[in-house]
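Chain and residue survey
Here is what each chain is made of, one letter per residue.
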Amino acid sequence: MYRFLLTPRWWGINLFAVLAIPFCVFMGTWQLGRFEDRVQTHEQAQEQPAPGSRVAEPLDDLLPVDKVTSGRPATATGRYADQFLVPGRELDDKSGFYVLNLLRTDGGKALPVVRGWLPGKAGQTAVPAAPTGEVTVTGDLQASENAGTAGVDPAGGLPDGQLGMISAASLVNLVPYDVYDAWVTLQDTGSKSTDAKNSGATALRPVPAVAPQGSGLDLKAFQNLGYTGEWFVFAAFVLFMWFRLVRREAEAARDVRLGLAADADADSA
């Protein structure tokens, strides 16, 4: 009754089912794995001590930035050099900008340091001057931003002295020295400095560190879970349709054998 499965037409149907089902299962398993990874990183983040309670470590000991070292307090020593304003950044639902200075370390390489956030428009708001001389900073380590990071302006076309994305790639053509592929955000912004008050500038507000991309139970995590269900449904649908076609073909062959229906092959001949 099932000899039709060996015909050329059914070889194509069988091959499609044999390839499609494992592919759908593989993709569903992969999406499920991504969701489980996000759950694991979220649980690890919940178990981590509060940023303020961690002991700061030298910057070079925490590089490169990954999901484990992101947000960890890092220390670096050097002298502040070039300053950039990063517009279009929000804090507590208010529009403003970051004040970023490059800290030239003893090795010559510079670390982007976000000294704080100010409300208003970049270039139209007075900015507290950066400390002079050699300083040691302690800030929460962050990975370089990319076009998908919230608040980033990848379009460019900003005035001189402004920066749309905090990354070594965006700074390499703006300064004549090497830049670390990471940055830190200071939680002690020196807002009580008399220099800032005397200059008439608004006190800097600390920029909180953010969780690394690809971690946490955000919308993308549950999208991975949704895609998992879709791929498994596709696999089940292919298997269901294959069984349905086999059953229909077997019933047609049985009807022909019992004389209840004409043989389509014979009629076509």
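See the structure shown above.
The sections below set out a description of the structure shown in this document. (Residues numbered from 1 in each chain as written. Predicted model: local features only at pLDDT ≥ 70, side-chain atom pairs only at ≥ 80, totals over all residues. Heavy atoms only, no water.)

1. Concerning the overall build of the protein
When you go through the protein residue by residue, the secondary structure sums to six helices and six strands. Each helix (α) and strand (β) of the protein, taken in turn from the N terminus, gives the series α-β-α-β-β-β-β-α-β-α-α-α. Counting contacts in the protein only where the partners sit at least 6 residues apart, residues at least 24 apart contribute 67% of the total. Surface summary for the protein: the accessible area is close to 16200 Å², and the carbon and sulfur share equals 57%. (Helix = DSSP H or I, 4+ residues; strand = E, 2+ residues; numbered from the N terminus. Contact = heavy atoms within 4.5 Å. Areas by Shrake-Rupley, 256 points an atom, 1.4 Å probe, with all protein chains shown as cover.)

2. Here's the deal with the pattern of salt bridges
All chains considered together, the criterion is met by four salt bridges. Arg9 is the salt-bridge partner of Glu249, the closest N and O atoms lying 2.9 Å from each other. Of this pair, Glu249 sits in helix α5 (residues 219-257) while Arg9 sits in helix α1 (residues 8-47), and the two are 240 residues apart along the sequence. On the basis of relative accessible area, Glu249 is assigned to the partly exposed category, the value being 24%. (Salt bridge = Lys/Arg side-chain N within 4 Å of Asp/Glu carboxyl O. Buried < 20%, exposed > 50% of the residue type's maximum accessible area, 1.4 Å probe, protein only.)

3. Looking at the nonpolar core
Note that soluble globular proteins tend to have their nonpolar side chains buried in a common cluster. Phe84, Tyr98, Leu100, Leu102, Val114 and Ile166 are the most contacted members of the largest nonpolar core, which has 18 residues in total. Secondary-structure elements contributing two or more residues to this core are β2 (73-91), β3 (94-105), β4 (110-119) and α3 (168-171). The contact partners of Phe84, leaving out residues within four places of it in the chain, are Tyr98, Val99, Leu100, Leu102, Gly161, Gln162, Leu163, Leu171, Leu174 and Val175. If you look at the next biggest cluster of nonpolar residues, it comprises 16 residues, including Leu103, Tyr180, Ala182 and Leu186. (Core = buried A, V, L, I, M, F, W, Y, C linked by side-chain atoms within 4.5 Å.)

4. Focus on unusual backbone geometry
A cis geometry characterises the amide bond from Leu63 onward to Pro64, with omega recorded as -5°. With respect to the secondary-structure elements, Pro64 resides in the loop between α2 (59-62) and β2. Phi is positive for Asp92, which is not a glycine, with a value near 55°. Tracing the sequence through the fold places Asp92 in the loop between β2 and β3. We classify Asp92 as exposed; its relative accessible area is 55%. Not every positive phi belongs to a glycine, and Asp93 is a case in point at roughly 65°.

5. Things to note about the pairing of strand β6 (residues 182-186)
Where a strand is regular, its side chains alternate between the two sheet faces. The buried count for β6 comes to five of five residues, which makes it a mostly enclosed element. Both β4 and β6 contribute to a ladder of two bridges, which runs parallel. Its bridge partner lying in β6, Val113 is registered against Val184. Pairing of strand β5 (residues 134-143) with β6 involves five bridges; the strand directions are antiparallel. Bridged to Gln142 within β6 is Trp183. (Pairing = 2+ DSSP bridges.)

6. Topic: the packing of aromatic side chains
Throughout the structure, instances matching the rule amount to three aromatic pairs. Seen in terms of ring centroids, Phe23 and Trp231 are 5.6 Å apart; in terms of plane orientation they differ by 90°. Their pairing is edge-to-face. Of this pair, Phe23 sits in helix α1 while Trp231 sits in helix α5, placing them 208 residues apart in sequence. Overall, Phe23 belongs to the partly exposed group, its relative accessible area being 45%. Residue class for Trp231 comes out partly exposed when judged on its relative accessible area of 22%. Grouping aromatic residues by their ring pairs yields a cluster made of Phe23, Trp231 and Phe234. Across from the ring centre of Tyr177, 4.0 Å away, lies the NZ or CZ of Arg104, which sits over that ring. (Phe/Tyr/Trp six-rings, centres within 6.5 Å; stacked < 30°, edge-to-face > 60°. Lys NZ or Arg CZ within 6 Å of the ring centre and 35° of its normal.)

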